[in-house]
Amino acid sequence: MARPVPRRTAELELWDVNPVGTRDAWRREILQFWALMLTRGRRVRAQAHMTALDPESGKNRPLTTYELAHELADRIASIPGALANEKRRQDIERWLHESIVIPGERRGRTSSLPAAGLRIPHYLGLLAFNRAVTRERFWAAFFYSALATDLEAGEVLGNEDYAGIRLERFLALGLSFITTPAPYATAVSWSVDHRLVAAKDPEVELVIRALTAIPTTDFPTAASGLPPAFFSTSARTDKGTYRQFLCPGSVVYMRRAIRLVLQGGSRVGHTALAEIIETTLVNHAALYFIRGMRVLNALNTERHLGESCANCWDRFQADLRPIGDAERRDRWQADGYQAGAERADVDWIDANCDVRQEVFVNAGRKEHTAAKDLARLSLEQLRRELATYTVNRICTAICLEVAAAVARTVGQEAPTLRDVFQMLDKWAGDTGTRMALSVLWDQQIERLATDQDVPGAVLEKLDGERARAAGDPRALEMLAREIVSEAILSTRSFTRYVELMNSLLGGGALPTNQDPKGLMARGGTRATPFHLSINDRALEAFVAVLALEAADRMEPLSFQGLIDGLRIRYGLLVDTLPAGSTATSGMLAEAASQSREALRDRLHAMGLLQEFSDSSEWNRVTWRGQKS
Amino acid sequence: MSTNGPFGPHGIDCHCHSFYTLRDLRLEPQSLDGLAKAVGGAGVNTSIQVATSRMRSVDEGLRQAFAIGVGVLAKRECATSSADVPPVGWRTHARLGFSTAAERWPDDLDPAEWASLFAGTLRPNAAQKSADLGAIGSSTLTNLIRDGHDRDASPYDPGPDTVDLYRVREWSVQETMRVLAISRQRIGGWLDPSEVGVRAIAREIGCHPLELLAFSQHLARCDAGFERPNRVADSVLREYPRGSEGALSRRLAVALTDESELLDVDQTEHDLIDVQDTPLSLPLEVPPAPEDGGPNPLGVVRRLFPGGSGTRGRPPIVYTPTQLETTLLPVLRTGPQTLVVLSGNAGDGKTAFIETALRASGTPVVGGTNEYHILLEGHPYFVVLDGSEDSATRTNDDLLTNAFGRFRGDAPVLPDRGTIIAINKGRLLNFLETHRDEYEFLWRVVTNRFVGGTVLAGHEYVLIDLNDRSVLAPDSTSSIFAGIARRLGEWDAWERECRKCDAIDVCPARFNAMALRSPRVREQMWKTLAAADLDDRVHVTVRHIVTKLATSVVGDARCPDVRSQARSGRTFLPSNFLYTSLFATRSGDAHAEAAAMDRIVAAYDPTEQGAPRRDRQVAYLVLRGALQEVLGQAGETPDLAGLKAQSWAIASSSIDEEPPAGEPEYRLRVLDLVRHASRRMYLLEPDHPLAPADPVATMDDFIRIGRGDADDQLLLTRLIASLNATLGIEPGRFQELLAPRDYSEGLRGTGFAAMVPRSRFALAPANALGNEYEERPYLEAWPRALRLAARDVDGVVVAAIALPLLMFEVIDRAGRGFRPTSQTERSYIVRLNGFYRRLAEHAWLEQPTYALYERGQVRARATIQPDLIAFAEA
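Residues numbered from 1 in each chain as written. Chains lettered and ligands numbered in written order. Predicted model: local features only at pLDDT ≥ 70, side-chain atom pairs only at ≥ 80, totals over all residues. Heavy atoms only, no water.

Caption draft 1: Molecular detail of the nonpolar core. Of all hydrophobic cores here, the largest spans 349 residues; its most connected members are Trp15 and Leu167 of chain A. The leading source of residues in this core is helix H14 (residues 369-410) of chain A, at 20 residues. Look past the residues within four positions of Trp15 of chain A in its chain and what remains in contact with it is Arg8, Phe138, Phe142, Tyr242, Ala285, Tyr288, Phe289, Tyr389, Leu500 and Leu504 of chain A. Ranked by size, the runner-up nonpolar core spans 27 residues in total, among them Phe404, Leu428, Val451 and Tyr461 of chain B. (Core = buried A, V, L, I, M, F, W, Y, C linked by side-chain atoms within 4.5 Å. Buried < 20%, exposed > 50% of the residue type's maximum accessible area, 1.4 Å probe, protein only. Helix = DSSP H or I, 4+ residues; strand = E, 2+ residues; numbered from the N terminus. Contact = heavy atoms within 4.5 Å.)

Caption draft 2: The packing of aromatic side chains, seen in detail. A complete count under the given rule lists 35 aromatic pairs over all chains for this structure. Taken together, a centroid distance of 5.3 Å and an interplanar angle of 90 degrees make the contact between Phe407 of chain B and Tyr461 of chain B edge-to-face. Here the residue Phe407 of chain B occupies a position in the loop between helix H19 (396-404) and strand E4 (418-422), and Tyr461 of chain B occupies one in the loop between helix H21 (440-452) and strand E5 (462-465), the gap between them amounting to 54 residues. In this pair, the class of Phe407 of chain B matches that of Tyr461 of chain B, namely buried. Aromatic pair Phe431 of chain B and Tyr439 of chain B: ring centres 5.6 Å apart, planes at 50 degrees, arrangement tilted. Taken together, the ring pairs in this structure connect Trp26, Phe33, Trp34, Phe138, Trp139, Phe142, Phe143, Tyr242, Phe245 and Tyr288 of chain A into an aromatic cluster. Its guanidinium or amino end placed over the ring of Phe559 of chain A, Arg600 of chain A lies 4.6 Å from that ring's centre, counting from NZ or CZ. Across the ring face of Tyr319 of chain B, the terminal group of Arg314 of chain B is positioned such that the distance to the ring centre comes to 3.8 Å. (Phe/Tyr/Trp six-rings, centres within 6.5 Å; stacked < 30°, edge-to-face > 60°. Lys NZ or Arg CZ within 6 Å of the ring centre and 35° of its normal.)

Caption draft 3: Local environment of the sheet that holds strand E11 (residues 849-854) of chain B. Pairing in this open sheet of 5 strands is antiparallel, and the strands run E6-E7-E11-E12-E13 (chain B) from one edge to the other. The open sheet has two free edges, formed respectively by strand E6 (737-739) and strand E13 (868-873) of chain B, since each of these has just one partner strand. The mean inter-strand angle of the sheet, taken between neighbouring strand axes irrespective of direction, is 30 degrees. Here E11 of chain B runs beside strand E12 (residues 857-865) of chain B; their pairing, made up of 5 bridges, is antiparallel. Looking across to E12 of chain B, one finds that Tyr850 of chain B is bridged to Ala862 of chain B. Together, strand E7 (750-756), E11, E12 and E13 of chain B form the strand contacts of helix H3 (residues 86-100) of chain A, whose direction differs from that of E7 of chain B by roughly 110 degrees. (Pairing = 2+ DSSP bridges. Axes fitted to C-alpha atoms, helices over the stretch in contact; angles between N-to-C directions.)

Caption draft 4: Here's a closer look at the packing of helix H4 (residues 139-157) of chain A against helix H9 (residues 248-264) of chain A. All names here are of chain A. Interhelical geometry of H4 versus H9 gives an angle of 75 degrees and a closest axis separation of 10 Å. Our classification of the angle between H4 and H9 gives roughly perpendicular. Residues Phe142, Phe143, Ala146, Leu147, Ala148, Thr149 and Asp150 of H4 pack against Val251, Met254 and Arg255 of H9. Class assignment for the residues of the contact of H4 with H9 results in 7 nonpolar, 1 polar and 2 charged. (Parallel < 35°, antiparallel > 145°, perpendicular 65-115°, else oblique. Nonpolar A, V, L, I, M, F, W, Y, C, P; charged D, E, K, R; others polar.)

Caption draft 5: Quick peek at the sheet that holds strand E2 (residues 371-376) of chain B. All names here are of chain B. Read across the open sheet, the 5 strands follow the order E2-E3-E4-E1-E5; overall the sheet is mixed. In the strand order of this sheet, the two ends are held by E2 and E5, each with one partner. Each neighbouring strand pair of the sheet contributes to a mean axis angle of 15 degrees, computed without reference to strand direction. Sheet analysis places E2 next to strand E3 (residues 379-384), joined by 6 bridges and oriented antiparallel. Paired with Leu375 across the strands is Pro380, a residue of E3. Here helix H17 (residues 323-334) sits on the sheet in contact with strand E1 (339-343), E2, E3, E4 and E5, set at roughly 130 degrees to E3.

Shown next, in the form of structure tokens:
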């Protein structure tokens, strides 16, 4: 049941109140994303072949991980010409069970876990996807929404360079579509070129061979496409679609990164490249969240978008929004597509954006204590901003609701995030709408006050405050804001938001351990046991993007260039302090020195930094396969 | 142009150093003649400036005489400028009114330090101490300072009769003040009767040296309360009690400058003013004489300590010509003038080479001067000591434009003037990049050499990166290290000076130096230092070797302390001897570079390698008092006494005894002694059956691969087996390298690991940066790492990793069943992670087979191809 003070503000952002818990949950989330890509935003239902009849209860139950592994191992062993005796078949089954099959959400007290899908970055793997045992959070919806218009524009304009199209081609490695994925397609069929898959990644090929083997009565084949039920039972829901992006520039950055990585990683194995893509997605999403916080906080403070944000909004928002107006396809053909993440787009954002949320990250290990402490302070600063953001986010959603009601009354179109505060202020100053607005706010306050988390002290003085603010929409809005603030921040529920941010920064799931994808590592104080860092996979992904970006410009990337790129594009500071930080200069100097040197050592150890000279300026940061 | 050194206070327009000649120095005729001959040229008419530049090669006694004379001369009013004397504060490096680098002090010594050195020259020698007072008075200054050391002589004491003889109690105030002035200013305290410098002072103020000595002693005795002062001494001591030497010295300096201003004591307080702090700077480095008057060779060697004056430019005693001097310099002398660029780290020898080039052209090295125009056998060269330096008069860009201007254009040139320049690579690259269009060809040459690591053909320019040089290459007999060690061991002062010292037979420093004469000892030291050189944690420079050898030989010893300890009969600790001091790390060392070197060398201490059986055998002998079994038949050497004393002490005690307060317990003492004995065997008697093994077993293989005379395939097979062993695979089981996707997890869990065939790998020598090694002309060099590279069938490098010696050793040990234990060893294993990731995640054009592993065991070998899926026994 919806609570008076909304915790989840789908009108604004889809981030759930509950973070993704474990790495397996993250993998299920990614499976859901792959499924959204193939179905063009529709949510699939559980497939019959992923269930089995439970003889005891007489009901269907999900296929377990053991059963799925057994089925696939049998298929591998029975491939015509395959040489694998029973002992080897058992070895393969154990490998599938432990490394390939993703366990789903536990149901009841059964000893074996249901199978949620397969850990291969390929559309064919969706044959074994069981959405019934996954609990979708926010990642899949965000990723798909962020790439959705690329798929549409790619089809309209016939451009295969867009990030969404490139990602689809990546997931369809070795597939030749006979009927292509489309928003309302009831079937997608293909043929499989095993040679191509085997050349790229033999492990993936082994699983694919199992999935494309001769079908049995229990388990179909994906040799010519997924079962029709996969598409026919899938459905579109509005709850999983973003209506607008707080920071369109960050989404364009994400698209650009995907384009570059998929353009440059031709000699990298399929699974390895998928890891880089996942890392790129998750970190861009985290940075979108951080930058979006800043945008929303500024919007609430200034009551209008800053100039740079407004420019960015004007340039990209219309073509980024998954749900657009009916005429935009025509506009794309006539005027071009603005969200293709071309080099000029990111250059424009680099130059235009002035709301970078700069944070210091420890590029070393937790043993680099000064850098670790400074990075912990950065995380604590983010936490403080998160508190403001959470209140602002909820209040903005309420403001949108109030504004929509007034707009209906006066016969106008409901304002968007961009102009909601300006419209409210305008109506508050207009004698024709002032009273209506006051009444609406008063109703909101009455409703908000019924939330069980509003402290008694607030309720005690509420009547007096309402009387004093009566007839003044701005004062009533402030009163509503105070109620929201007290209800959210004074309860334990706020820790959920902190966990959410931690999961965003931690690589997709709660950082119970250091995830190589993430920007968070263990080490801190009892209150904040983490600090911001750049873990190995994240570092490689950033290097890949920035090195490929530099290569696209026919320029080399130096070590200092990498540090500058991290700062300018992602607001990640490796050897400097963000403005307004309270750290002492001594601590900063030590932390900066530690972090910078550790970064150099790590890049060197990871084979990403090549030094040609003892001179600090003459070195090259390259990603795999790139020529230095 | 300003003046430098002692004439500094004369002001920026002073040219006194070129105006005054040797003749103007108030020296003894013998000293003057000696100096005139030594400096050559115009003899006594040689200017102070020229004489200063030639002073390095002059006999030490004459140098001291020269120093004193110049110091006195500099007190005079400036003869060449009427400009006001600028005020100069003590301990200031940038003097007021002197803003450019060239106008600063020619080195890092500040005026106070110069003054200290100056004072140090006024020390007695042994002959003087044993001579009677009459002999002092008639001796020449040179003789007073240099000759006749007698270690047995006790400090001279004129005695109370002498004081009475010269009736010092009747001295006038003026006489007293003059003596005080000299005493304070030159010596910094009451005149010590043993100071022979009193003769010079006495001569300067016109009294008899004996008077001066007598008065000084009287004053000191009064000050100490042993004698009752007369009226004059009383008033002086009241006015200038102990502790006010500094103020007194400065105030009396004024009195000295003008005889007419000699003061009455009553007026002193009002008439004396604080004057400028006249820096008593000298253009020479004068080793301090020891306080006991004995010989002081260690004082000279200590100049080679970290931060010492001997570590800048060409070092004394141990200067060893390198290929730069032996091959490049002749080319510059005979060939057409060209461009020579020297780059490298501090201490690599850039300045030393340039100094040699300057000497070869007959050009004196002038402190603080950065640019020279020289002629090398008729070939003009513009020489820049530091191409990265800024000056107030012109920008660095101007300097570089001057240096490189003749090499503009898009083709090589044969200029009318060559350039020899030492410059930071980054600065050079930046300059050329900024002016890339102007210096098109030079830009290509420099980037090819310093960035790409290749040499562009078709030009005669010489680009030297001293980072590529190894002071340990190629071996223990012909490396720069060998030259330095040999020269230090064979320094003549170990004979000439030490023969005059009564501690010669027990002195640990001399023992250490004598040990250096042995090629076997040098070879053992070379092994240790070569390991450090091939360790990628430090770039070993010439300066590193010089300071390391000097500190290892001398340690903390000072000649007077050695003599004092020898007289007392106390034995010297084993830590004073080379075999232990080589591995010592000095705490509180302000020189980070040297400290880093110490730490790395300490990591190669042979006793740190676990050899339980050998250690037990040595300990058994030590505990039984049978130390001779361990120490061999080398005869009675100075270190044996200390070792034996420790051994006997241990043998006569027991593990059950409570150690004395502050003393280590029994077991620690045993371990300590075993270590000393083991190190001694390693360094001095490496063939002893109980001598520890070399700390790096693979060094020979490593060097052989670098030289190209090893069986690469055999070593590659061994390396792959060792790498597989780090994953728990028994050596020899697979010919291929197993590459799991996550090397840090090893073969935990279950998954497929690519089995990359040996034919895909190549092992090649590499430089310190991990790039392919190339021979460089004019440099002693060797590969500092091995480069293991994997290539796909199309030749694309899939992954490459540089293996420095220690990493090679760690991997090899893994093949022998050892697991990395130390932090450093583990960090090397972490480095492999990136290499393995690239191997495992590469889309190979020619599919490798795969190992299906499960919980550390390889279950099957898998072939996964479109037309064949096969699982076979591993």
